[in-house]
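Read off the chains here:
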Amino acid sequence: MKHIVILGSTGSIGVSALEVLALHPDRFSVLALTAAQSDKRLADQCSAFHPKVASIVDAQAAQRLEGRSDLGDMTIYSGVDGLIKAATLDEADLVISAIVGAAGLVPTLSAIRAGKNVALANKEPMVMAGRLMQQEAHKHGVTIFPVDSEHSALFQSMEGHRKEDIRRIILTCSGGPFRTCSREQMQRKTRAEALKHPNWEMGAKITIDSATLMNKGLEIIEAHWLFDIPASKIEVIIHPQSIIHSMVEYNDGSIIAQLGIPDMQIPIAYALSYPEHIPLELPPLDLLKEGPLSFEAPDTERFPCLAFAYKALESGGTMPAVLNAANEVAVQAFLDNSIGFLDIESVIGQTMDAHTIVPLETLDDALAADRWAREHAAHVVTKFSSDSVLMKRAGHA
Ligand code: NDP
Ligand code: MG
């Protein structure tokens with residue numbers, strides 16, 4: 001029996017993970033669930049899965065949870081400390097890291113430092129502090145299993161092969177909802193349009209990242225740290241059907257790929273049950289019905305976020321953490337309708353340009369870079385948001 005902690009159980013990945021766990025009660029038991037502020041959803045999950053611990057960041061939400069008499073004998077924690085307690089419980093065998101954004105760094109790193117194996121969906125900590133995460137994992141004998149579908153595909157395509165034989169890895173990318181749009185069209189795209197992903201149902205932040213292609217940018221950096229592959233060997237190819245989840249090319253020209261329907265239960269289940277492929281109640285992939293699988297080159301002129309990610313990786317030090325934080329601030333501002341779609345990339349670009357890189361060796365270095373970038377990006381957002389108000393007044397947006 002594996003005792004599982006889910007950090008971010010109320011989100012899109014968290015819910016999919018619980019669906020997988022519910023299919024295999026003989027293999028997995030739910031030890032702890034956590035959320036930021038969705039106490040009602042967390043309470044529903046607790047009454048269905050009976051964890052020993054529930055943790056919710058918001059103090060008032062924690063009080064409401066404590067007031068629920070129907071939840072039985074369960075320990076409730078709150079605040080960031082509560083997340084850390086849940087992530088480091090003695091009985092925990094595996095921690096599913098599914099918080100969105102930089103907020104996952106401290107709890108995920110705490111799990112690693114407590115010697116817990118991690119199923120990593122929360123890619124932002126790997127982007128911010130990949131070297132540190134891997135150093136700590138190595139030091140504490142921890143395995144980090146990828147949950148991101150591309151990285152799970154890469155992981156599976158590397159099984160049984162020699163790393164030194166890899167010529168390049170090819171990350172596939174759906175291209176997002178604006179794949180065929182011109183810059184002029186993208187300029188006018190609304191929040192609602194950007195939130196309509198063609199193939200995947202995901203949380204709001206990653207859905208916007210998929211529209212700007214920053215998601216793929218973050219995944220390049222994630223792949224670099226997860227698999228210790230240099231940026232020069234990481235390529236992106238647009239594959240609108242999202243059936244091939246990524247590929248590894250070897251020196252002899254062989255390419256190994258992993259295919260499947262676009263459902264996160266598949267990579268989640270593999271991270272939970274590695275090396276076994278456990279059954280899931282999903283429709284099979286019907287290649288005859290999928291029609292032709294197609295491929296296109298990515299266009300960094302229309303989607304500069306992809307180029308920003310390569311630049312951040314090449315620059316090293318604190319730059320990936322700055323890229324990540326500026327992106328989080330810009331995406332939130334877009335979701336709040338404060339800036340336009342193309343302003344997201346401008347906020348990131350201007351924040352990166354203003355940053356003086358320093359080496360990133362400790363958690364404090366990562367958190368300081370994150371703080372600096374958030375402040376700077378917020379300042380840039382203010383500039384764009386007043387521009388966008390002026391544009392609206394002038395009837396241009
Ligand atoms: P969601 O927004 O759907 O869920 C986020 C979860 O994190 C919720 O449980 C939320 O709680 C919790 N949370 C949010 N902010 C904080 C915080 N400050 N402190 C603690 N907990 C917090 O995100 P997704 O599930 O879509 O994504 C999660 C991660 O997985 C992201 O890093 C994403 O990039 C990655 N990922 C997601 C995929 C997907 O298909 N969704 C695919 C591949 C990777 P609450 O409900 O209370 O707000
Ligand atoms: Mg992905």
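The model shown is predicted, which means the values in this text are computed figures rather than measured ones. (Residues numbered from 1 in each chain as written. Chains lettered and ligands numbered in written order. Predicted model: local features only at pLDDT ≥ 70, side-chain atom pairs only at ≥ 80, totals over all residues. Heavy atoms only, no water.)

A. Inspection of the site of ligand 1 at higher detail. Of all residues adjacent to ligand 1, which total 25 residues, the nearest are T10, S12, Q37, S38 and E124. Side-chain polar atom of N122 to an oxygen atom of ligand 1: 3.3 Å apart, as the coordinates give it. Contact distances for ligand 1 include 2.7 Å between an oxygen atom and a side-chain N or O atom of E124. In isolation ligand 1 has 900 Å² of accessible area, and contact with the protein removes 85% of it. For the shell around ligand 1, the secondary structure elements donating two or more residues are α1 (12-23) and α6 (123-139). Of the residues belonging to the shell around ligand 1, the class tally is 13 nonpolar, 9 polar and 3 charged. Mapping the shell around ligand 1 onto the domain boundaries places at least three of its residues in each of domain 1 (2-146) and domain 2 (149-261 + 283-307). (Near = heavy atom within 4 Å. Polar contact = N/O pair within 3.5 Å; in protein donor to acceptor, adjacent residues only side chain to side chain. Areas by Shrake-Rupley, 256 points an atom, 1.4 Å probe, with all protein chains shown as cover. Helix = DSSP H or I, 4+ residues; strand = E, 2+ residues; numbered from the N terminus. Nonpolar A, V, L, I, M, F, W, Y, C, P; charged D, E, K, R; others polar. Domains from an automatic or database assignment.)

B. Seen up close, the domain arrangement of the protein. You can read the domains of the protein as domain 1 (2-146), domain 2 (149-261 + 283-307) and domain 3 (316-397). Each partner contributes to the interface: domain 2 provides 20 residues, whereas domain 3 provides 14 residues. Taking both partners together, domain 2 and domain 3 bury about 1,600 Å²; carbon and sulfur atoms supply 73% of that area. Along the contact surface separating domain 2 from domain 3 lie 1 salt bridge. (Contact = heavy atoms within 4.5 Å. Buried area = accessible area lost by both parts, 1.4 Å probe. Salt bridge = Lys/Arg side-chain N within 4 Å of Asp/Glu carboxyl O.)

C. Representation of unusual backbone geometry in the model. Between Y274 and P275 the backbone carries a cis peptide bond, its omega angle lying at 5°. As for its placement among the helices and strands, P275 is situated in the loop between α12 (265-273) and α13 (287-290). Residue H50 is not a glycine yet carries a positive backbone phi of 50°. Examined against the element boundaries, H50 turns out to sit in the loop between α2 (39-49) and β3 (53-56). For H50, a relative accessible area of 60% corresponds to the exposed category. One non-glycine residue, D228, lies in the positive phi region at around 55°. Locating D228 in the fold gives a position in the loop between α11 (214-227) and β9 (234-238). (Buried < 20%, exposed > 50% of the residue type's maximum accessible area, 1.4 Å probe, protein only.)

D. Local environment of the pairing of strand β2 (residues 28-35). Extensive coverage of β2 is indicated by the burial of 7 of its 8 residues. The sheet contact formed by strand β1 (residues 2-7) and β2 spans 5 bridges and is parallel. In the strand pairing of β2, V5 is matched with A32. In this view, the connection linking β1 to its parallel neighbour β2 by way of α1 has right-handed handedness. Both β2 and β3 contribute to a ladder of 4 bridges, which runs parallel. Bridging from a neighbouring strand, A32 pairs with V53 of β3. Regarding the hand of the β-α-β motif, the stretch spanning β2, α2 and β3 is right-handed. (Pairing = 2+ DSSP bridges. Right-handed = clockwise from strand over helix to strand, strands pointing away.)

E. Highlighting the sheet that holds strand β10 (residues 244-250). Taken in spatial order, the 4 strands line up as β9-β8-β10-β11 in an open sheet, and their pairing is mixed. Each edge of the open sheet is held by one strand with a lone partner, namely β9 and β11 (255-259). Strand-to-strand twist of the sheet, defined as the mean angle between neighbouring strand axes without regard to direction, takes the value 20°. In the sheet, β10 pairs with β11 via 5 bridges, with the strands oriented antiparallel. Note that in β11 the partner of S246 across the bridge is Q258. Strands β8 (166-173) and β9 of the sheet are contacted by α11, whose axis makes an angle of about 150° with β8. (Axes fitted to C-alpha atoms, helices over the stretch in contact; angles between N-to-C directions.)

F. Summary view of the coordination of the magnesium ion (ligand 2). Coordination sphere of the magnesium ion (ligand 2), protein contribution only: D148 (OD), E150 (OE) and E219 (OE), at 2.1 to 2.2 Å. Counting gaps between the donor residues of the magnesium ion (ligand 2) yields the pattern D-x1-E-x68-E. You can call D148 buried: its relative accessible area is 8%. (Donors = N, O, S within 2.8 Å, 3.2 Å for Na, K, Ca; no water.)

G. Looking closely at helix α16 (residues 343-354). Over its 12 residues, α16 runs 16 Å from end to end, which matches the ideal 16 Å to within 8%, given 1.5 Å per residue. Buried within α16 we find D343, I344, E345, V347, I348, G349, T351 and M352. (Expected span 1.5 Å × (residues − 1).)

H. How the structure looks around the packing of aromatic side chains. In total, this model carries 7 aromatic pairs according to the counting rule given. For the pair F145 and Y274, a centre-to-centre distance of 5.5 Å together with 45° between the ring planes defines the contact as tilted. Placement of the pair is F145 in strand β7 (residues 144-146) and Y274 in the loop between α12 and α13, with a sequence separation of 129 residues. Accessibility expressed as a relative area gives 9% for F145, which makes it buried. Between Y270 and Y274, the aromatic rings sit 5.7 Å apart at their centres with planes inclined by 85°, giving edge-to-face as the arrangement. Overall, Y270 belongs to the buried group, its relative accessible area being 6%. Connected via pairs of aromatic rings, a cluster forms that spans F145, F155, Y270 and Y274. Directly above the aromatic system of F384 lies the positively charged group of K383, at a separation of 5.3 Å from the ring centroid. (Phe/Tyr/Trp six-rings, centres within 6.5 Å; stacked < 30°, edge-to-face > 60°. Lys NZ or Arg CZ within 6 Å of the ring centre and 35° of its normal.)

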